[in-house]
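As a plain string of letters, each chain reads:
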Amino acid sequence: MHVEVRGLNKAFGSFQAVKDVGFSVAKGQLIGLLGPSGGGKTSILRMLAGLETPDSGDIVFHGQRVNDLPPQERGIGFVFQNYALFKHMTVSENIAFGLEVKKWNKAKIKERVASLTELTGLKGFESRYPHQLSGGQRQRVAFARALAPEPQLLLLDEPFAAIDAKIRHELRSWLREMIDRLGITSIFVTHDQDEAIEVADEIMIINKGNLEQKGSPWEIYKDPKTPFVAGFIGESRIVDNIAELRGFSDPAATSGTKGLIRPEYIEIGRKEEFAQLLSATEAGRVSHIHFRGSEWLVEVEVNGIKLVTYRSLEKEVLHPGDEVQVLVHRAYLFNDIQSWVMENK
Ligand code: ATP
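These numbers come from a predicted model, not from an experiment.

With that settled, consider the overall build of the protein. Helix and strand content of the protein: eight helices and 19 strands. Structurally, the protein occupies a C-alpha span of about 75 × 45 × 30 Å along its principal axes. The burial tally for the protein puts 38% of its 345 residues in the buried class. In the protein, 63% of the contacts between residues at least 6 apart in sequence involve partners at least 24 apart.

Below, the structure written as structure tokens:
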């Protein structure tokens, strides 16, 4: 189902939770609503579901304005963070619940439940109760239950937040696979950027009620439109006055221009590691190191500016206090009016 949202606003009392948000989602796409807590992600999802009424704006599903339709008539499935399974019902009964409400006939319900337990890997668990399942299994039941009435749009609110890290990882790729297989348009809320990057076709960055940017994970990463987006995606440090860094004292970067520098924009090492690039480097000192499993995260101080970068495990191990050379290849610059990317000259 194609989804179109225009000029959506929602206030709670005097607090404007969602501000003039508009976007469209193509059929079969998986969209991640990403942003800090309290930004308005859940409110947007609940308005799509019909669980919350917008103050203004249009919600259009498949060419039809659905603002006045109750949730059960919108053709949506909803998966909540806390599973929201019926505790006194078995897996099969949970999955069948919505179909019984819709008065499907018994044989058709049985067939649908069988195909969904198969699809979601819950075969053999049909008679178990929620408390006899793991968190990941429960969430798969919630997913199957949401899919049972054959919705055209699937809405998921922090679906993996309550699940431990390893299983969460598995469930993410599982969800991606399911959605590809079913071709169902899906929108999920998360505050976890790795999750959004890994799973979504497109990400919408939501902050303080605003849609800051919408695009593929790669577009958002490489071409952030606002300082907030630049800082929210990827690990990075903001430098208050980029002109203090060698190679960035271009007239374009006037005094006071802020710069955002990502770890992969930086190389550090001993003088001899740089050869002819040495003249573009600056002297710095390692202030902190952290082993990340597959590489080091190194914090380095240059002219009183703290930057972070990665260092591969094959290279000489650095220690706090070590004198190093630092080469900043590029920075994402912004002042009050504009933003741009600048290369080290
Ligand atoms: P989280 O990840 O914490 O759920 P979110 O981005 O999903 O955050 P929302 O849940 O949409 O954000 O909330 C946006 C703002 O609106 C918050 O400040 C919240 O306190 C407020 N809010 C949400 N629902 C209501 C409500 N029913 N009554 C009053 N304020 C509300």
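On we go.
Moving on to the site of the ligand. Within the structure, the ligand sits among Phe12, Ala17, Gly35, Ser37, Gly38, Gly39, Gly40, Lys41, Thr42, Ser43, Val189 and His191. At three residues, the largest contribution of residues to the shell around the ligand is made by helix 1 (residues 41-49).

Let us look at the confidence of the model for the protein. Summarising the model, the protein shows a mean pLDDT of 90, and 97% of its residues fall at 70 or more. In the predicted complex, the global pTM is 0.83; the interface-specific ipTM is 0.91.

Along strand 16 (residues 305-312), the buried face is formed by Ile305, Leu307, Thr309 and Arg311; none of Lys306, Val308, Tyr310 and Ser312, which line the opposite face, is buried. Of the pairings in the sheet, the one linking strand 15 (residues 295-302) to strand 16 comprises eight bridges and is antiparallel in character. If you follow glutamate 301 over to strand 16, its bridge partner there is lysine 306. The loop that links strand 15 with its antiparallel partner strand 16 comprises two residues; one of these, asparagine 303, has a positive phi angle of about 45°.

Note that tyrosine 221 resides in helix 7 (residues 217-222). Residue class for tyrosine 221 comes out partly exposed when judged on the 17 C-beta atoms lying within 10 Å of it. Expressed as a C-alpha distance, the spacing of tyrosine 221 and glycine 234, which sit 13 residues apart in the sequence, is 7.3 Å.

Taking strand neighbours across the sheet as the criterion, the six strands line up as 6-7-8-3-9-10 in an open arrangement whose pairing is mixed. The sheet terminates laterally at strand 6 (76-79) and strand 10 (210-215), the two strands that pair on one side only. Shown here is a sheet whose adjacent strand axes are inclined to one another by a mean of 15°, direction ignored. Pairing of strand 3 (residues 30-34) with strand 8 (residues 185-190) involves five bridges; the strand directions are parallel. Paired with leucine 34 across the two strands is threonine 190, which belongs to strand 8. Set on the sheet, helix 4 (residues 135-147) makes contact with strand 6 and strand 7 (153-157); between it and strand 6 the angle comes to about 165°.

Another point: the sheet that holds strand 2 (residues 15-25). Judged by pairing direction, the sheet is antiparallel, and its four strands sit side by side in the order 2-1-4-5 without closing on themselves. A single partner strand is all that each edge strand has here, and the edge strands are strand 2 and strand 5 (64-65). Pairing of strand 1 (residues 3-12) with strand 2, which is carried by seven bridges, proceeds in the antiparallel orientation. Looking across to strand 2, one finds that valine 5 is bridged to phenylalanine 23.

Another point: the domain arrangement of the protein. Taken domain by domain, the protein consists of domain 1 (3-232) and domain 2 (237-343). In this complex, domain 1 contributes four residues to the contact, which on the side of domain 2 involves five residues. Grouping the amino acids of the side of domain 1 that touches domain 2 by side-chain chemistry returns three nonpolar, one polar and no charged.

Cut-offs applied
Residues numbered from 1 in each chain as written. Predicted model: local features only at pLDDT ≥ 70, side-chain atom pairs only at ≥ 80, totals over all residues. Helix = DSSP H or I, 4+ residues; strand = E, 2+ residues; numbered from the N terminus. Buried ≥ 20, exposed ≤ 12 C-beta atoms within 10 Å, placed from the backbone. Contact = placed C-beta atoms within 7 Å. Near = placed C-beta within 6 Å. pLDDT = per-residue confidence, 0-100. Pairing = 2+ DSSP bridges. Axes fitted to C-alpha atoms, helices over the stretch in contact; angles between N-to-C directions. Domains from an automatic or database assignment. Nonpolar A, V, L, I, M, F, W, Y, C, P; charged D, E, K, R; others polar.

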